[in-house]
Structure formats: structure tokens, C-alpha cells
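So the chains spell out like this:
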Amino acid sequence: MRYDDEFLLFDGGMGTMLQERGLKAGSIPELYNISNPQIIKNIHKEYVDSGCDVITANTFGASRHKLAGKSTPDEVISAGVRLAKESGAKYTALDIGPTGALLKPLGTMSFDEAYSLFEEQVKAGAKAGADLIIIETMSDLLETKAAILAAKENCSLPVFATMTFDSDGRTFLGTDPKTAAIVLSSLGVDGAGVNCSLGPEELFPIVKEFVKYSKVPVIVQPNAGLPVIENGYTVFKITPDEFAESIKKMLPLGVSVVGGCCGTTPAHIAKLKKLIDGKKPYAREITSQSFITSWQKTVTLDNSTAIIGERINPTGKKKLKEALKARDYDYIIGEAISQQEAGADILDVNAGLPDIDEAKTLTEIIAEIQSVSHLPLQIDSTDPSAVEAAVRSYNGKPIINSVNGKEESLSTILPIVKKYGTAVVALTLDEDGIPDKAEKRLEIAEKILNRALSMGIPKEDIFIDCLVLTASTNQETVIQTLKAITLVKSKLGLKTVLGVSNVSFGLPAREVINSAFLAAAFGAGLDMPILNPLSEEYMKVVDAFKVLNNEDKGSVKFIEKYASVPKESGSQMEISDDLGNVILSGRKGAAQSIVKELLKSESVFDIINNRFIPALDIVGEKYEKGEFFLPQLMASAEVVKEGFAVLKEGKESTFTKGSGDILLATVKGDIHDIGKNIVKMLLENYGYNIKDLGRDVSPEAIVNAATQDDIKLVGLSALMTHTVKSMEETIKLLKESGANCKVMVGGAVLNEDYARMIGADFYAKDAAQAAKVASEVFKEK
């Protein structure tokens, strides 16, 4: 199968084709592999006849979680792959979609549970004879990683992965195309790209950005526009000719794998076949820049200085040691947030204490930090098992700190770097220790580089730490460190990293020594100092260097920060414990003590109306502006939830039912309840009483609950196009029953026009908008 220097053509939509053949709203499409195999085979055959190379088996939702006991993944996938192959497919792809659940710490499903679901699907698909795997329509980068690892660890088939992006240019959970392309490429997939989401015209800027940063062939499978309802059916308006014309504009970007998603038909694919037939993909220049990412932010290390915050390391820190032993992660989260606010670009995370389970603790800390901070992390441990556990469930592309020139280190750490596509800090020491001379340190750096390159680890992912010893006992070697940095930069062309504060250990006025050494190290070529960003003295050196190094263009940031220098307040900047700031920063562990103190002087409803609600409004505004993303939104809601728990202690009667009762449900046939659950969390923290009917709820059950409890606002959710019909039927039944309520709807396949067509009163594109709708409905109360 060639897809790097030849075009590869996938098929188009399955769900809309099945609707035309009688698939009822609420039915599970994958069960047609068992109950209506000829229909599935005929659809596949139509796509084969249209000229596609790859037939995607009807297995998108064939996970144990989604099948919900109605069949088994093995049975459905075996039948699905067989039908695709029997249709005459040149290649058959096992199709894997999202689990339908939100992963921790945002949701309830663990990384390992998601991996287990994907593992079952992969094994069944490989056993059935699939030729490749397509992981598609993913919105959670961490869930995508779980699926990729499950595929690569349980079979040898080529793996493609595509994500779905919203109109704001990010996934549902806030990942941008650049970050997605970098992370998916680093994980070693054979192709990566974009599917579903929007129409091809709307996807163009997303694809353009994705192509710039993907190191693997890029796949694009758009929808045939956004869906509308005509005569009770979901239809897509973009014609085959329009679809092909839009895809044509993407080909010069370097896209080499194309196909269709929702609403596309064999006619659309036939037009794509005609478009690419006899042609070769456009040549694409692949970037070799150094990147580190979280799930939502990429730090570019070329031609820029990146500050690595050092404060989450228990060495010499009594409070942090106590927090680690007590699993007091709020203290650690506070350290992460304070460093982020002080200007750190990356955070070093170390949990190395002898009397704790380091692998478990490090993994838990990273998950907690990633739920509130957008910064990429450097995973710092001397234990290879702890390193692997942490990077496995890390959401993004991290740095591993560290590998060194010892054979034991090279043979244990570099395979982890390669497998998980991380970057790595390489220490210039070996079995003989740290060399005195710069030239010997350069030799060790070159040894590590060559070993990494031989394993397929890219040069741009190797960062060299030339190591500095304290000037109090090794004064003569300090200059050798600076010389080694210059040699590594000039001879090897590698990025450099350095723990700056080591140089002053055992000396007085450490900030004075450290600041001078930092400036000298910058002059020698240091790219990434590891330091305390809460030190104003260090950050002054950093800010000044960025001006002198032409990073702070026009000195804009320097002037903004220093033109009016505030009154000196000491060298440490501490995060405020004000409740509003705690909510904004997502520090749920700090909320209870603050609320208890506030209750001494403020009433319950003063705290709700003057503290909780204004803070949540700010969170909502930041979310709408793209300054906050879903994890921050949920973290802030969790803080308020903790605060509400304190307010309710012994005062349950104060929170009477009826002031704002809202019913939520995912409609019949749809088991995706991520969006609904997020809306529920936020609305509860605005003080509304939520009755959650769950997922796959019949219209009759929704009507009965709404009328019985005199509900004033009903929220309906649907993710799949074929379940929107259930939503329309539910709205119709609510109106026919005379229920005295308004209806708001939301879900990936909906928009304002679509909501209006199915009779909804409101469309809420996200949880923040749902809160505004609720405020409007209940404004009189």
C-alpha cells in the first residue's frame, strides 16, 4: 500500500447511506453487519465501483461500551471486515471511533479502560483480516493516544488517525491543528489528519495548518457540509462537484490521502477518483523544528528561549515532600499555576521520594496539573518504570528528564523516547562521571545523539544538558560548562538545557550568582534554563535577554512589563487565595477552607451571587473568547462544586427545589453523553436543580418526566446524525403533550438553523451557552 508518493482514496459516509436504506433513528448501525449484511455489502460495493482504494468496515462504534451488550466487538467486527473484503475492496480498514465517554480527570473513564476497549477492537480486526486501521472522528487527544497505542501494541497493521475540529479551529476539548499534527506524528502513525467536523471549505484553514506540522502523510475526509432536515430526514447539501472542487484546493498543500465522511456518497468519491486519477501528490517540505506540547499548547523551541519551571521537585523542599506523601495535590497544583502565571513556558515535574509509589504518584500529579494548566511538562525521574508510566498517559508530547551516556541509561530510556515520541534531556555524564573538560562533555553528547539517531529518534528531540557543578567546590569547572554549551550548539546543532541554580549551592546571595551565571549561559547559547520563575531577578535577566536576542520584537513585552515598574514586593510572587482567583485557576482543594472563612461574614446566597456566579461568568467569557478551553471550564466548575458542598453542610433546606429545575437527556439511540454531562456540571454550579435522565432516552420518558415534575427547561443532546430524528420527535411530542417548558438542544451535528428546523427554542453550542440559555429562561425568578 503506497500513500506517501501516490494518492490513496478512502470511501465516504456510511450512516447517511444506511438511513436511505431504512436505518431507524436510535438503531446501532454496526448491528447491520449481523442483521442486514447484504445492505452493508451493497454499500461497500457501490464505493468499490466508484473507484476508492480503501473500504472502511462498518465498525466505527463496535466497542463493548457502545454495543452495550447487544452483541460483542468480536462478532460485529468479524462480520464487518468480512463484508468489506467480500465487496471487492482493494484494502479493508478497521474503523475505530471514540468510546463515547470522557477520560479522566475530566470524566470517569480511565486511560487504561479506554485502552482496553480499543485493544479488543484491534485484536478482533486484525484477526478478521483487516489491512489497516483508521482511528477517526476523535476530539480528545488523550483518547486518540490510547487508541493509537492499542493499535500499535497489538498488531502490525498501518495505523491512520484523524481528529475532528469545530468552527473555532480546535477540537471539542481544545486541541489545535498544530498540536494535533505534532503529537500524532510523534506517536508514529502512518497517516494523520482531519475528518468529519465541517464542510471542506470550512476545513481548509485547519488542513493548511495541520499539513505544515505533520511529519506523516496527511488524510482529509470532510463532511458534505453541515446537515439539514428535509421531509424528516437528515440531508447534506454539498454536491459531488462542489465537494471535489473544495478538495482540489487542498491538494497543493500536500494532502495525499482523501475521502469523505458524513453525507458523502459514492458519487462524491467518484468525483475524487477523477480528480486524483493518474496524478501524484504535491511534494511537501517537512519541518524539523523542536516542539513540546500539552494537549492545547505547543512551545516552539527554535529561535526562542523557553523557561522550565523547577519548583515541582521535592529536593530541599519540605512542604512539597509533605504534600507528596499526603497526596495533597492542591499544593502542587498551586505551584504549577504560580509558575505559569510568572512566565514559565514548561514545567518540570519530579516526584522522587524513596517512600512513595513514584510511578503512581507521578502519573496522578501530571493528570492533575494538566487539568488546570496549559503548559507542556518535563517528566523528571531516574526510575524508568515511573518515566514510562507517566509519559504513557501524558496528554501531548512531553520532555523526559533524562538520559545520560551510561549504557544502562541509553538502553532503558531511549526506547521509551522512541515509542512515545517524546523529547529528551541528555546529560553529559557517563560511567566515569561528569568530565572536567568541555570537549569530553561534547563527546558524550555526540555519543547520545548518534545512539538516538540510530533508533530513529529525530535530532530535534534531543536536548543537551552540559551540567554545572557548584562554584563553591568546583569553581574551575563552571567556565567549562559554558564552553561545552557553545561547543554543543556549534558542533552538533542541538538545543541546550541547564539547571541554573546548581551553580550557587552552598554560597550566600544565591540569586546574585544565579542571575550572573544565567546571563553568561544565555551568551554561550543556552536555550532552556531550568529555574525558579517566581524569582523576579531571574525573570529580569530572561526578559532583557529576549530583547537583546531579538525574540521580543520591538521590545513590546519588555516595555509593557517595565515601563511602569511596580513597588518592590520581595523576590517571590505568590498566587492569591481569593475565591475568585481560586475558581479561575481550578484549584478545587483550596475552595473549602476559603468558603468556610467567608461564611463567618457573608450569607450563603451572598457567596453564591457575589462570589460563585461572577467567577463562573468570567470563566464562561474566557471560554467563549478561546482563552479557556473545556478542561479549564470543568476545573473551575469543580471548584464551585466543592464550595457548594460547604454551603450545603447542615443547610439542605436552604437549597429548595423549584427555583430552577432543568431536565437533561441524550436522545433515543444515542449513547454519547459527554456534552450533556459537561452541561450538567456547569448548570449545577450555577445553582440549578438538574434531573438527568441519562443517555438513549425515549421521547415518551422525556415527556413523562417533564410533565410530571413541571420542568421549565429541557436540554436534549445528540452527537450522531441519525439520532437527530429522535431529537425532533421528542420536541414534537413535548409540544403535543402541552408540556409547559422550553427546549434547548446541543451536539456536534447541530447548529442554529438546524435547531430551529427541528422545533427547538434554543441552540446551545457548548456548556457556557447553555448557562446563558438557562439564565434567560429563569430570569424572572
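Just above, that's the structure.
Residues numbered from 1 in each chain as written. Predicted model: local features only at pLDDT ≥ 70, side-chain atom pairs only at ≥ 80, totals over all residues. Heavy atoms only, no water.

Asker: An account of the overall build of the chain is requested, with residue identities and associated values reported.
Answerer: The secondary structure content of the chain amounts to 30 helices and 25 strands. Here the chain has a C-alpha radius of gyration of 28 Å; the compact-globule value for 781 residues is 28 Å, and the two agree. Each principal axis of the C-alpha distribution contributes one length, and for the chain these read about 85 × 75 × 50 Å. Put simply, the chain has 781 residues, and 59% of those count as buried. Considering only contacts within the chain whose residues lie at least 6 apart along the sequence, 75% involve residues at least 24 apart. (Helix = DSSP H or I, 4+ residues; strand = E, 2+ residues; numbered from the N terminus. Rg over C-alpha atoms; globule rule 2.2 N^0.38 Å. Buried < 20%, exposed > 50% of the residue type's maximum accessible area, 1.4 Å probe, protein only. Contact = heavy atoms within 4.5 Å.)

Asker: Provide a residue-level description of the packing of helix α16 (residues 407-420) against helix α17 (residues 438-454), including the pertinent values.
Answerer: Look at α16 against α17: their axes get within 11 Å of each other, and the N-to-C directions meet at 35°. Regarding α16 and α17, the two cross each other, and that crossing is right-handed. Judged by residue contacts, Glu 407, Leu 410, Ser 411 and Leu 414 of α16 engage Lys 447, Ile 448, Arg 451 and Ala 452 from α17. Along the lines of polarity and charge, the residues of the contact of α16 with α17 split into four nonpolar, one polar and three charged. (Axes fitted to C-alpha atoms, helices over the stretch in contact; angles between N-to-C directions. Left-handed = near helix turned anticlockwise from the far one by under 90°. Nonpolar A, V, L, I, M, F, W, Y, C, P; charged D, E, K, R; others polar.)

Asker: Can you explain the pattern of salt bridges? Please cite residues and give values.
Answerer: Taken as a whole, this structure holds 43 salt bridges when the rule is applied. Between Lys 212 and Glu 209 there is a salt bridge; the shortest N-O distance is 3.3 Å. Separated by three residues within a single helix, Lys 212 and Glu 209 lie in helix α9 (residues 200-213), roughly one turn from each other. On the basis of relative accessible area, Glu 209 is assigned to the partly exposed category, the value being 25%. Lys 725 serves as the salt-bridge partner of Glu 728, at 3.7 Å between the closest nitrogen and oxygen. (Salt bridge = Lys/Arg side-chain N within 4 Å of Asp/Glu carboxyl O.)

Asker: Describe α16, with residues and values.
Answerer: Its 14 residues place the ends of α16 20 Å apart at the C-alpha level, agreeing with the 20 Å of an ideal helix rising 1.5 Å per residue. Residues of α16 that are buried include every one of Ser 409, Leu 410, Ile 413, Leu 414, Ile 416, Val 417 and Tyr 420, and no others. Its buried side turned inward, α16 meets α7 (141-154), α8 (177-186), α15 (384-392), β16 (399-404), β17 (423-427) and α17. Trailing α16 by a residue or two, Gly 421 shows a phi angle of about 65°, which is positive. (Expected span 1.5 Å × (residues − 1).)

Asker: Before we move on, can you summarise the pairing of strand β18 (residues 462-465) with the specific residues and values?
Answerer: Neither face of β18 is exposed, since Ile 462 and Ile 464 on one face and Phe 463 and Asp 465 on the opposite face are all buried. Sheet topology places β17 next to β18; four bridges connect them, and they run parallel. When the sheet's bridge partners are listed, Val 424 is paired in β18 with Ile 462. Crossover β17 to β18 through α17 is right-handed. With three bridges joining them, β18 and strand β19 (residues 495-499) adopt parallel strand pairing. (Pairing = 2+ DSSP bridges. Right-handed = clockwise from strand over helix to strand, strands pointing away.)

Asker: Residue-level account of the sheet that holds strand β23 (residues 713-717), with values.
Answerer: Strand order in the open sheet formed by five strands is β22-β21-β23-β24-β25, and the pairing between neighbours is parallel. The open sheet terminates on both sides in strands that have one partner only, identified here as β22 (689-692) and β25 (762-763).

Asker: Mind laying out the sheet that holds β18, listing which residues take part and the relevant values?
Answerer: If you walk around this closed barrel you meet the eight strands as β13-β14-β15-β16-β17-β18-β19-β20, and the pairing is parallel. Ignoring which end each strand starts from, the neighbouring axes of this sheet average 30° apart. Alignment of strand β14 (residues 346-350) against strand β15 (residues 377-380), held across four bridges, turns out to be parallel. Its bridge partner being in β15, Val 349 is matched across the sheet by Ile 379.

Asker: Break down the layout of surface pockets for me, with residues and values.
Answerer: Counted as a void, the second largest pocket has a volume near 1,100 Å³. Lining the second largest pocket we find 36 residues, and of these Glu 310, Asn 313, Thr 315, Asp 380 and Asn 502 sit closest to its centre. Listing elements by their share of the lining of the second largest pocket, those giving two or more residues are β14, β16, α16, β19 and α19 (510-524). In terms of residue count, the dominant contributor to the lining of the second largest pocket is α16 (four residues). Here the lining of the second largest pocket is composed, by residue class, of nine nonpolar, 18 polar and nine charged. (1 Å grid on protein atoms, 1.4 Å probe; cavity = no way out; pocket = protein on both sides within 12 Å on 5 of 7 lines; lining within 4 Å. Points joined across faces, edges and corners; volume = space filled by probe spheres on them.)

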